[in-house]
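A closer look at the structure
Residue strings, one per chain:
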Amino acid sequence: ANKFFASIEKTGELDWLVDVYFSYLQDFDFVDTNTFHRRVENTLPLYESTFKAAANDVLNWMVLAALAYQESHWNPDARSPTGVRGIMMMTMAAAKEVKLHNRLDPVQSIHAGKEYLWRIYEKLPPEIIGQDRLWIAMASYNIGPAHISDVRKWV
């Protein structure tokens with residue numbers, strides 16, 4: 001192991017890996033972290049049973065809760081300038097695809113968001129496997145499957 005690390009340190013690869021995987025740590029925000037912990041204690045319990053009911057073996061409830069936090073900070077009334085709405089921040093097109101009638105109803109939104117994420121996950125090419133499949137599905141949920149497909153063509 002020491003020889004391996006010495007060799008990648010010599011080539012600069014170790015610096016690159018540290019930069020790629022740990023450079024975000026300098027962006028630590030104490031206030032955001034406290035806000036997150038408060039929301040875990042006060043807001044997540046309001047929706048935890050719904051996340052658990054919507055989950056499956058691949059998309060466990062914590063994945064769904066994390067996605068919803070990233071999208072809306074668990075705000076069922078969230079709205080973006082681009083028109084996405086609700087706790088799962090679904091577009092009108094995505095809502096229509098999964099037959100979501102009320103994007104502001106958190107129970108409907110969580111179940112529909114899980115269904116939409118699952119559809120993305122299932123449509124990914126078979127060569128995307130393991131955790132990469134989940135990460136790419138989640139990225140696709142956030143920025144759109146077409147954008148992820150475009151990026152994959154360039155890689």
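The structure presented is a predicted model; accordingly, all values stated were derived computationally and were not measured. (Residues numbered from 1 in each chain as written. Predicted model: local features only at pLDDT ≥ 70, side-chain atom pairs only at ≥ 80, totals over all residues. Heavy atoms only, no water.)

Here we take up the packing of helix α4 (residues 44-54) against helix α5 (residues 61-72). Interhelical geometry of α4 versus α5 gives an angle of 130 degrees and a closest axis separation of 8 Å. Accordingly, the angle class assigned to the pair α4 and α5 is oblique. When you trace α4 past α5, the crossing you get is right-handed. Mapping the contact onto sequence places Leu-44, Glu-48, Phe-51, Lys-52 and Ala-54 in α4 and Trp-61, Leu-64, Ala-65 and Ala-68 in α5. In the contact of α4 with α5, the residues fall into seven nonpolar, no polar and two charged. (Axes fitted to C-alpha atoms, helices over the stretch in contact; angles between N-to-C directions. Helix = DSSP H or I, 4+ residues; strand = E, 2+ residues; numbered from the N terminus. Parallel < 35°, antiparallel > 145°, perpendicular 65-115°, else oblique. Left-handed = near helix turned anticlockwise from the far one by under 90°. Contact = heavy atoms within 4.5 Å. Nonpolar A, V, L, I, M, F, W, Y, C, P; charged D, E, K, R; others polar.)

It is worth spelling out the packing of aromatic side chains at this point. Counted by the stated rule, this structure contains six aromatic pairs. Relative to Trp-74, the ring of Tyr-69 lies with its centre 4.7 Å away and its plane at 65 degrees, an arrangement referred to as edge-to-face. Each of the two residues, Tyr-69 as well as Trp-74, counts as buried. Between Tyr-116 and Tyr-141, the aromatic rings sit 5.7 Å apart at their centres with planes inclined by 65 degrees, giving edge-to-face as the arrangement. With a gap of 25 residues between them, Tyr-116 in helix α7 (residues 106-123) and Tyr-141 in helix α8 (residues 130-143) connect regions that are remote in the sequence. In terms of burial, Tyr-116 and Tyr-141 fall into one category: buried. Each member of the aromatic cluster is reached from another via a ring pair, and the members are Phe-36, Tyr-69 and Trp-74. (Phe/Tyr/Trp six-rings, centres within 6.5 Å; stacked < 30°, edge-to-face > 60°. Buried < 20%, exposed > 50% of the residue type's maximum accessible area, 1.4 Å probe, protein only.)

Before going further, it helps to examine the side chain of Arg-103. Considering the arrangement of structural elements, one finds Arg-103 in the loop between α6 (92-97) and α7. Glu-71 provides the closest opposite charge to the buried, salt-bridge-free Arg-103, at an N-O distance of 11 Å. A distance of 2.8 Å separates a polar side-chain atom of Arg-103 from the backbone oxygen of Met-90. (Lys, Arg positive; Asp, Glu negative; His and termini not counted. Salt bridge = Lys/Arg side-chain N within 4 Å of Asp/Glu carboxyl O. Polar contact = N/O pair within 3.5 Å; in protein donor to acceptor, adjacent residues only side chain to side chain.)

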